[in-house]
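Each chain, written out:
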Amino acid sequence: MYLLCYGRSESAKISGGKLIDKIGGTWITGGDLYSAGIEVPESKTDAVIVLLLPLEAACGILTDAISSRMSGIPVVCCSPEGAFVSVLRYGDMLPDDCQNMAKQIASVFGPSCFTSFGSRAGIVTDLEYCIRNYSMKVSDQGLLSEISRRIKQGGKVNIYSDIPVSLAEPVLDSLVYGVNVFPAEARASLMRAYIECESETNTDPAVFITCSKMPEAKPAKTLILTPPLVCLGIELKAKVDPQYAADIVNSSLINHGIDPASVGTIAVSQSARDSEVIKAIADGFGASIMALSSKQISEVRLPLEPTFAPEKIFDGATAAAYLAGSKGKILIRKGGGSSGVLFSAVRRNSKLIITE
């Protein structure tokens with residue numbers, strides 16, 4: 001952390017000096033704030049602006065003075081005498097990292113410096129809104145009730161997801177929700193976070209919003225919310241028992257790290273819509289069936305690398321899944337092996353808003 005301190009009073013200079021000595025940083029001027037002329041050493045990627053001012057003055061400067069070119073730099077207000085520390089803007093820093101940074105600054109002034117300004121109880125909505133809005137499946141209703149009580153009381157809850165998620169009111173909602181989003185390809189990182197949250201030393205509640213199949217945990221200390229964003233495109237290549245076909249698709253999804261609870265749509269050609277096999281698969285997942293015409297399927301252009309064998313690029317199952325999944329991320333292509341049922345899986349590129 002590299003502090004960019006601004007203050008004018010003698011007490012501010014004393015407090016800022018302590019921060020620079022203990023943590024590291026430099027003094028800046030009012031002109032620097034207006035002109036975005038601050039130069040941060042290249043090795044210091046975690047710069048923070050510290051306004052050693054009365055809170056109302058710091059808010060005024062943040063609103064009217066600090067250049068938009070510095071919008072990515074977090075801003076902290078510290079009273080000139082070191083009595084309180086408050087995060088005013090997160091910038092590009094994660095909310096939890098910002099709060100930890102504020103605590104580190106406050107620790108320089110000792111236990112009498114406080115960082116909390118009133119109760120957070122009741123200021124944000126609980127998870128029921130997003131669960132209803134996106135028809136999510138809940139891993140543990142009892143744990144959901146426990147976490148909902150914590151949220152209503154203003155307690156902190158961490159959310160982890162490999163699906164794009166956001167907060168409706170980031171400034172307010174981030175007081176209670178700590179959001180951690182992993183890239184879709186970083187499944188291993190998501191799993192490590194899950195294992196850490198399930199560790200015996202961890203006591204804080206955590207929520208995972210994902211279509212990925214998570215490890216079994218007994219007793220579970222984390223809540224898993226599964227949105228039905230996965231669409232399966234299915235082709236029947238041979239006569240097959242309906243229950244056997246449903247079991248093949250289910251086990252193949254798990255083997256690919258996909259939670260079967262995330263399947264919301266089964267996409268097929270119109271000729272296969274009334275098949276007992278398709279009905280059995282859809283019923284097993286609690287999914288709806290989308291029937292597509294041959295013309296709709298044939299006109300789909302898949303984002304696949306061209307080869308010298310064009311017939312290997314296109315297949316009806318992937319095309320159907322891609323169309324039903326609003327051209328989202330292809331998770332499985334031509335699964336099912338020689339079972340007689342061929343399927344592909346696509347996850348919609350939906351962005352989920354957690355709060356109202």
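Residues numbered from 1 in each chain as written. Predicted model: local features only at pLDDT ≥ 70, side-chain atom pairs only at ≥ 80, totals over all residues. Heavy atoms only, no water.

Asker: Help me understand the sheet that holds strand β16 (residues 341-347), please; the structure alone is not making it clear to me.
Answerer: Within the open sheet, the five strands sit side by side as β14-β13-β12-β16-β15. Their pairing is mixed. Taken across any chain shown, the strands that pair with only one partner, and hence form the sheet edges, are β14 (288-292) and β15 (329-335). Averaged over all pairs of adjacent strands, the angle between their axes in this sheet comes to 20°, without regard to strand direction. Pairing geometry for strand β12 (residues 230-236) and β16, over seven bridges, is antiparallel. Directly across from glutamate 235, in β16, lies its bridge partner leucine 342. Relative to β16, helix α9 (residues 242-255) is tilted by about 40°, and along the sheet it contacts β12, β13 (263-269), β15 and β16. (Pairing = 2+ DSSP bridges. Helix = DSSP H or I, 4+ residues; strand = E, 2+ residues; numbered from the N terminus. Axes fitted to C-alpha atoms, helices over the stretch in contact; angles between N-to-C directions. Contact = heavy atoms within 4.5 Å.)

Asker: Before we go on, may I ask you to explain the pairing of strand β9 (residues 177-181) in this structure?
Answerer: For a regular strand, side chains alternate in direction, first toward one face of the sheet and then toward the other. Taken across its five residues, β9 has four buried, putting it largely inside the fold. Summarising the sheet, strand β7 (residues 157-161) and β9 pair through five bridges and their orientation is parallel. Of the residues in β9, the one forming a bridge with valine 157 is tyrosine 177. (Buried < 20%, exposed > 50% of the residue type's maximum accessible area, 1.4 Å probe, protein only.)

Asker: Is there a simple way to explain the pattern of salt bridges in this structure?
Answerer: Where charged atoms of side chains with opposite charge meet at close range, the side chains can pair. Under the criterion given, the structure shown has seven salt bridges. Among the ionic pairs, glutamate 216 bridges to lysine 213, the shortest N-O distance being 3.9 Å. Residue classification places lysine 213 among the partly exposed residues on the basis of a relative accessible area of 26%. The partner of lysine 295 in a salt bridge is glutamate 299, with the nearest N and O atoms 2.6 Å apart. (Salt bridge = Lys/Arg side-chain N within 4 Å of Asp/Glu carboxyl O.)

Asker: I keep staring at unusual backbone geometry and nothing clicks. Help me out?
Answerer: For residues other than glycine, phi is negative in most cases, and the peptide bonds are mostly trans. Its identity as a non-glycine residue notwithstanding, serine 135 has a phi of 50°, on the positive side. Tracing the backbone shows serine 135 in the loop between α5 (128-133) and β6 (137-138). If you check the backbone angles, lysine 327 has positive phi at about 60° while not being a glycine. Along the chain, the position of lysine 327 falls in the loop between α12 (316-324) and β15.

Asker: Explain the sheet that holds strand β1 (residues 2-6) to me, please; I cannot follow it from the model alone.
Answerer: Strand pairs in the sheet, formed through backbone hydrogen bonds, run parallel or antiparallel to each other. One open sheet holds the five strands; their spatial order is β2-β1-β3-β4-β5, and the pairing between them is mixed. The sheet is open, and its two edges are formed by β2 (25-27) and β5 (85-89), each paired on a single side. In this sheet, adjacent strand axes meet at a mean angle of 25° when their direction is disregarded. Of the strand pairs in this sheet, β1 and strand β3 (residues 47-51) are connected by five bridges, and their pairing is parallel. Along β3, the bridge assignment pairs tyrosine 2 with alanine 47. The strands touched by helix α1 (residues 10-22) are β1, β2 and β3; relative to β2, the strand with the most contacts, the crossing angle is about 155°. Running over the sheet, helix α4 (residues 95-108) touches β1, β3, β4 (75-78) and β5 and is turned about 145° from β5.

Asker: Whenever I open this one, the nonpolar core confuses me. Can you help?
Answerer: One recurring pattern in soluble globular proteins is that nonpolar side chains are buried together. One finds Leu127, Leu232, Leu253, Ile266 and Ile281 to be the most contacted residues of the largest nonpolar core, which totals 48 residues. Those residues within four positions of isoleucine 266 in sequence are excluded, and the remaining contacts are Leu232, Ile234, Ile278, Ile281, Ala282, Phe285, Ala287, Ser288, Ile289 and Met290. Of all hydrophobic cores here, the second largest spans 22 residues; its members include Cys5, Ala12, Ile105 and Cys113. (Core = buried A, V, L, I, M, F, W, Y, C linked by side-chain atoms within 4.5 Å.)

Asker: Explanation requested: helix α8 (residues 187-197) in the structure shown.
Answerer: Every α-helix carries 3.6 residues per turn, so stepping three or four residues along brings you back to the same face. The complete set of buried residues in α8 reads Leu190, Met191, Ala193, Tyr194 and Cys197. What you see down the axis of α8 is that its buried residues fit within an arc of 160°, all on one side. The exposed residues of α8 that point more than 90 degrees off its buried face are Ile195 and Glu196. (Arc of directions from axis to C-beta.)

Asker: Whenever I open this one, the pairing of β12 confuses me. Can you help?
Answerer: Counting buried positions along β12 gives five out of seven residues, so the element sits mostly inside the fold. Note that β12 and β13 share four bridges and pair parallel. Each residue of the ladder has a partner; that of glycine 233, found in β13, is alanine 267. Note that the unit made of β12, α9 and β13 has a crossover that is right-handed. (Right-handed = clockwise from strand over helix to strand, strands pointing away.)

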